[in-house]
Amino acid sequence: MKAISPRRFSVSNCRCLSSHAAARINHHPQIQCIPGPTNFTSHLHGDALISFIKSASGKPHLLEIHAHLIRKFLFEDAIFFSAFLFRVALPPLHDLAYACRLFSKFRKPDFFQYNIMIRAYGMSDSPGNGFQLYQEMLRSGVSPNSLTSSFVTNCCIKSGSFFGGLQIHARILRYGHQSDGRLLTTLMDFYSSKEKYSDACKVFDEMSHRDTIAWNVLISCYMRNRRTRDALRAFDIMQSSYDCQPDDVTCLLLLQACANLNALAFGEGVHRYCEEHGFDKAMNICNALITMYSRCGCIEKAFEVFKGMTEKDVVSWTAMISGLASNGYGRDAIEAFREMQNAGVSPDYQTFTGVLSACSHSGLLDEGRMVFNSMSKEFGIPPNIHHYGCVVDLMGRAGMVNEAYNLINSMKVRPDATIWRTLLGACRIHGQADLGEQVIEHLIELKAQEAGDYVLLLNIYSSHGDWDKVINVRKMMKDRGIQTNPACSTIEFRGEIHEFVANDFSHPRKTEIFEMLDEINQQLRIAGYVAETMSELHNVGVEEKQIALSYHSEKLAIAFGVLSTPPGTSIRVAKDLRICVDCHNFAKMLSAVYNREVVIRDRNRFHHFREGRCSCNDYW
DNA sequence: ATAGGGTTAG
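Residues numbered from 1 in each chain as written. Chains lettered and ligands numbered in written order. Predicted model: local features only at pLDDT ≥ 70, side-chain atom pairs only at ≥ 80, totals over all residues. Heavy atoms only, no water.

## Let's talk about the UniProt feature "repeat: PPR" (unreviewed entry) in chain A
Then comes step 1: Under the present numbering, the feature "repeat: PPR" (unreviewed entry) in UniProt falls on residues 110-144, 211-241, 313-347, 348-383 and 450-484.
Then comes step 2: This span, residues 211-241, is 84% helix and 0% strand, and a straight line between its end C-alpha atoms measures 11 Å.
Then comes step 3: Measuring from the first to the last C-alpha atom of residues 313-347 gives 10 Å, for a span that is 74% helix and 0% strand. (UniProt positions renumbered as here; feature names shortened; annotations may be inferred. Helix = DSSP H or I, 4+ residues; strand = E, 2+ residues; numbered from the N terminus.)

## Some details on helix α15 (residues 264-276)
Then comes step 1: A rise of 1.5 Å per residue sets the reference length of α15, with its 13 residues, at 18 Å; its end C-alpha atoms lie 18 Å apart and thus fit the reference within 8%.
Then comes step 2: Three or more residues of α15 are buried, namely Leu264, Phe266, Gly267, Val270, His271, Tyr273 and Cys274.
Then comes step 3: Tucked into the core, α15 has its buried residues touching α13 (228-240), α14 (248-261), α16 (283-295), α17 (299-308), β1 (488-493) and β3 (571-575).
Then comes step 4: A positive phi of about 75° marks glycine 278, the residue just after α15. (Expected span 1.5 Å × (residues − 1). Buried < 20%, exposed > 50% of the residue type's maximum accessible area, 1.4 Å probe, protein only. Contact = heavy atoms within 4.5 Å.)

## Observations concerning the pattern of salt bridges
Side chains that differ in charge, positive against negative, can pair when their charged atoms come close.
Then comes step 1: Per the counting criterion, the structure on display carries 17 salt bridges.
Then comes step 2: Between lysine 475 and aspartate 479 there is a salt bridge, with the nearest N and O atoms lying 3.2 Å from each other. Note that lysine 475 and aspartate 479 are positioned in helix α27 (residues 467-479) at a spacing of four residues, about one turn of the helix. Aspartate 479 carries the same exposure label as lysine 475, and that label is exposed.
Then comes step 3: Several salt bridges share partner residues, and in doing so they unite Arg227, Asp230 and Arg233 into one network. (Salt bridge = Lys/Arg side-chain N within 4 Å of Asp/Glu carboxyl O.)

## Side note on the side chain of arginine 601
Then comes step 1: You can see arginine 601 is positioned in strand β4 (residues 598-601).
Then comes step 2: Salt bridges are absent for the buried arginine 601, whose nearest opposite-charge side chain, aspartate 602, sits at 7.6 Å.
Then comes step 3: Within the local environment of arginine 601, its side chain forms a polar contact with the backbone oxygen of asparagine 260, the two atoms lying 2.8 Å apart.
Then comes step 4: Apart from residues lying up to four places away in sequence, arginine 601 is in contact with Ala259, Asn260, Leu261, Asn262, Arg295, Val573, Ala574, Lys575 and Phe606. (Lys, Arg positive; Asp, Glu negative; His and termini not counted. Polar contact = N/O pair within 3.5 Å; in protein donor to acceptor, adjacent residues only side chain to side chain.)

## Description of the sheet that holds β4
Then comes step 1: In space, the six strands of this open sheet follow the order β2-β1-β3-β4-β5-β6, with mixed pairing throughout. Edge positions in the sheet fall to β2 (496-501) and β6 (613-614), since each has one partner strand and no second.
Then comes step 2: Direction of pairing for β1 relative to β3: antiparallel, over a ladder of three bridges. Bridge pairing links isoleucine 491 to valine 573 in β3.
Then comes step 3: Along the sheet face, helix α31 (residues 581-593) touches β4, β5 (606-610) and β6 and points at about 35° away from the line of β5. (Pairing = 2+ DSSP bridges. Axes fitted to C-alpha atoms, helices over the stretch in contact; angles between N-to-C directions.)

## Quick notes on the packing of aromatic side chains
Then comes step 1: Across all of its chains, the model carries 23 aromatic pairs by this definition.
Then comes step 2: Ring geometry for phenylalanine 162 versus phenylalanine 190: centroids 6.1 Å apart, planes at 15°, classification stacked. Taken together, the residues span a long stretch of sequence, with phenylalanine 162 in helix α9 (residues 162-175) and phenylalanine 190 in helix α10 (residues 181-193) at a distance of 28 residues.
Then comes step 3: Where tyrosine 273 meets phenylalanine 279, the ring centres are 6.4 Å apart and the plane angle is 50°; that geometry is what we call tilted. When sorted by exposure, tyrosine 273 lands in the same class as phenylalanine 279, which is buried.
Then comes step 4: An aromatic cluster of at least three residues, connected via ring pairs, comprises Phe162, Phe163, Phe190 and Tyr191.
Then comes step 5: Cation over ring: arginine 210 sits above phenylalanine 204, and NZ or CZ is 5.0 Å from the ring centre. (Phe/Tyr/Trp six-rings, centres within 6.5 Å; stacked < 30°, edge-to-face > 60°. Lys NZ or Arg CZ within 6 Å of the ring centre and 35° of its normal.)

## Points about the pairing of β4
Then comes step 1: Side chains of β4 alternate between two faces, with Val598 and Ile600 and Val599 and Arg601 buried alike.
Then comes step 2: Summarising the sheet, β3 and β4 pair through four bridges and their orientation is parallel. When the bridges of β4 are listed, arginine 572 appears paired with valine 599.
Then comes step 3: The β-α-β motif built from β3, the intervening α31 and the parallel element β4 has right-handed crossover chirality.
Then comes step 4: Direction of pairing for β4 relative to β5: antiparallel, over a ladder of four bridges. Considered in β5, the bridge of valine 598 is made with phenylalanine 609.
Then comes step 5: Between β4 and the antiparallel strand that follows it, β5, lie four residues. (Right-handed = clockwise from strand over helix to strand, strands pointing away.)

## Examining the protein's contact with DNA strand B
Then comes step 1: Near DNA strand B there are 38 residues, and of these Phe112, Asn216, Asp247, Asn284 and Thr318 occur at the shortest range.
Then comes step 2: A distance of 3.0 Å separates a base nitrogen of DNA strand B from a polar side-chain atom of aspartate 348.
Then comes step 3: Here the residues of the surface near DNA strand B are counted per class, giving 16 nonpolar, 13 polar and nine charged. (Near = heavy atom within 4 Å. Nonpolar A, V, L, I, M, F, W, Y, C, P; charged D, E, K, R; others polar.)

## Structural notes on the packing of helix α22 (residues 385-397) against helix α23 (residues 401-410)
Then comes step 1: For the pair α22 and α23, the least separation of the axes is 8 Å and the interaxial angle reads 165°. Here α22 is positioned roughly antiparallel relative to α23, judged by the angle of their axes. Crossing hand, α22 versus α23: right-handed. Here α22 contributes Tyr388, Val391, Val392, Met395 and Gly396 to the contact with α23, which in turn contributes Val401, Glu403, Ala404, Leu407 and Ile408. (Parallel < 35°, antiparallel > 145°, perpendicular 65-115°, else oblique. Left-handed = near helix turned anticlockwise from the far one by under 90°.)

## Some words on the nonpolar core
Then comes step 1: Among the nonpolar cores identified, the biggest contains 153 residues, and Phe84, Leu232 and Leu423 are the most heavily contacted of them.
Then comes step 2: Leaving out residues up to four positions away in the same chain, phenylalanine 84 has contacts with Ile53, Leu62, Ile65, His66, Leu69, Tyr98 and Leu102.
Then comes step 3: One finds Phe500, Phe514, Ala531 and Val598 within the second-largest nonpolar core, a separate group that totals 30 residues. (Core = buried A, V, L, I, M, F, W, Y, C linked by side-chain atoms within 4.5 Å.)

## Thoughts on the side chain of arginine 572
Then comes step 1: Along the polypeptide, arginine 572 turns up in strand β3.
Then comes step 2: The buried charged residue arginine 572 lacks any salt bridge, with glutamate 597 as its nearest oppositely charged partner at 4.7 Å.
Then comes step 3: A distance of 3.0 Å separates the side chain of arginine 572 from the backbone oxygen of cysteine 296, its partner in a polar contact.
Then comes step 4: Ignoring sequence-local partners within four residues, the contact set of arginine 572 consists of Asn262, Leu264, Cys296, Gly297, Cys298, Thr490, Ile491, Glu492 and Val599.

## Section: the confidence of the model for chain A
Then comes step 1: Mean pLDDT over chain A stands at 85; residues scoring 70 or higher make up 89%.
Then comes step 2: Between residues 1-38, whose pLDDT stays under 50, and residues either more than four places distant or in other chains, the model counts 44 contacts.
Then comes step 3: Considering only residues more than four positions removed or in separate chains, one finds that residues 536-541, a stretch of pLDDT under 50, has 15 contacts. (pLDDT = per-residue confidence, 0-100.)

## Quick look at the environment of leucine 590
Then comes step 1: Relative to the helices and strands, leucine 590 is located in helix α31.
Then comes step 2: Residues leucine 590 and phenylalanine 609 lie 19 residues apart in sequence; the distance between their C-alpha atoms is 8.7 Å.
Then comes step 3: When near neighbours in sequence (up to four residues on either side) are disregarded, leucine 590 contacts Ile520, Leu524, Ile558, Val562, Asn595, Arg596 and Val598.

## Considering unusual backbone geometry
Then comes step 1: Residues proline 91 and proline 92 are joined by a peptide bond in cis, for which omega reads 5°.
Then comes step 2: Along the chain, proline 92 turns up in the loop between α4 (78-89) and α5 (96-105).
Then comes step 3: At glutamate 195, a position not held by glycine, the phi torsion is positive, near 60°.
Then comes step 4: Given a relative accessible area of 45%, glutamate 195 falls into the partly exposed group.
Then comes step 5: Positioned with a positive phi, asparagine 262 is a non-glycine residue whose angle comes to about 65°.
Then comes step 6: Inspection of the secondary structure assignment puts asparagine 262 in the loop between α14 and α15.

In structure tokens, the structure reads:
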């Protein structure tokens, strides 16, 4: 009622429906007319009625307006009806059932009223109906404007209807709506949601003017389609353009991209940009910064951001805890967990995932069990599959593979592929072939077996020297059409991301890189490095194995790092799969012989190599 | 008489 001018409405007039009438309305939601003495709407007409409808809040007011429109024979008056429908269909009320009844009663809806309904459907849990209504609109000869296209595109995004969206795109062109930048942004988002990256780009290219939001949609499209490097490039182009500048959303997206790519230098650039524009005060940006720095292996920087925050929420604490965990600071993570509680921030289920993973990464078996037991008892958070996964990992690494197997079988939730895979990894460490075979059976049952799973099983057999079984598994993989994807390692150099796969001959500086790798291999061998051949797949000669190992993607990336940076510079490599035993030894030795800090982030965690030692004591 | 687009962190 705040918005109503006191000149027109005295306070005493401003009362809602009588409780008697309200009770009846509750019983008869289809009610069309409310009899009885007129209330504060009675003398309203024209502009005053319009502004009253606009300021109406809550259903009782709208019902009263409904009654008023009927009483004054204004229900079929498009102006009042539109304003009324707008209030009913859209938030805050957003009563779609009521809006539908109104709409179906209205004799000849115009485009504006259709637009309201289509937009309302786009925000409801039945967005497909919006598309239906759009088609009905076309059938009844009402022409859509560019807003209609925008709302119905949104319906297609929400309902996931690809062909619907294509149809809309064709109509946009037919009706000449393509000059509307906002509409095209929505259209880009549609293609992006369908992972049609190149179509989204095509729309973007055809836009005559691109504002910050259009760029942000493009960047989020790049990220959804795993074209993270293009996302970084877009940031550079935006910064050098005159008409639009990156905003906080852009930075949020980019920090995520940097975290994925291990692009520390670029991430620092985004950090500076945030400082220059005052975004670094925002909680979400700070939390994203913490994640970016810790995913890039810079836990000190992450902590600096964390310390500088005036206010910290669960997300900040959890980001810090998970960052400490993945960087091998298990005890500090648990300490941070304690501090968080002292600071009066209560943990949620993701915090526990962080704490438990800290325990599993640092081999803190007792602490992990204690936390696991306390979470439902003390905090009322029942463990989910991720929590179980951490504990399975923890027990598995400690060699308690059978106990871990029993734990999985005792879970209330259905085990997923990831948890079986975790156990399979533990079987690999402890050479448990029998249990490994059982686990593979579970994965097959889930139809989730991947190349990596068979590789683990192969590793188990080959470490036993069980070559018959190795051949069997390889045959099985061939029969089932399972192919191994080559692992990929990335390294950042001067703000560019360089990508390597095993035996990769595509890099422009390939000759130098291979020469450098040979040189490194020789030097390391002098220092006592012996290539680890146990985990290789084939039953091939020792010579052959050593050759196959020497061109692993992480070694190529490291060689490139040694080649392109001055002595003493840290080498940071990200790998999409797990680092292998041999590359682990290689990096460890290199950190001593070449006196370089080497940081490798693999699929699971960080490995910090310094002076011939690694932050994780054992290889995994 | 007249509405719309991106990110929501771990």
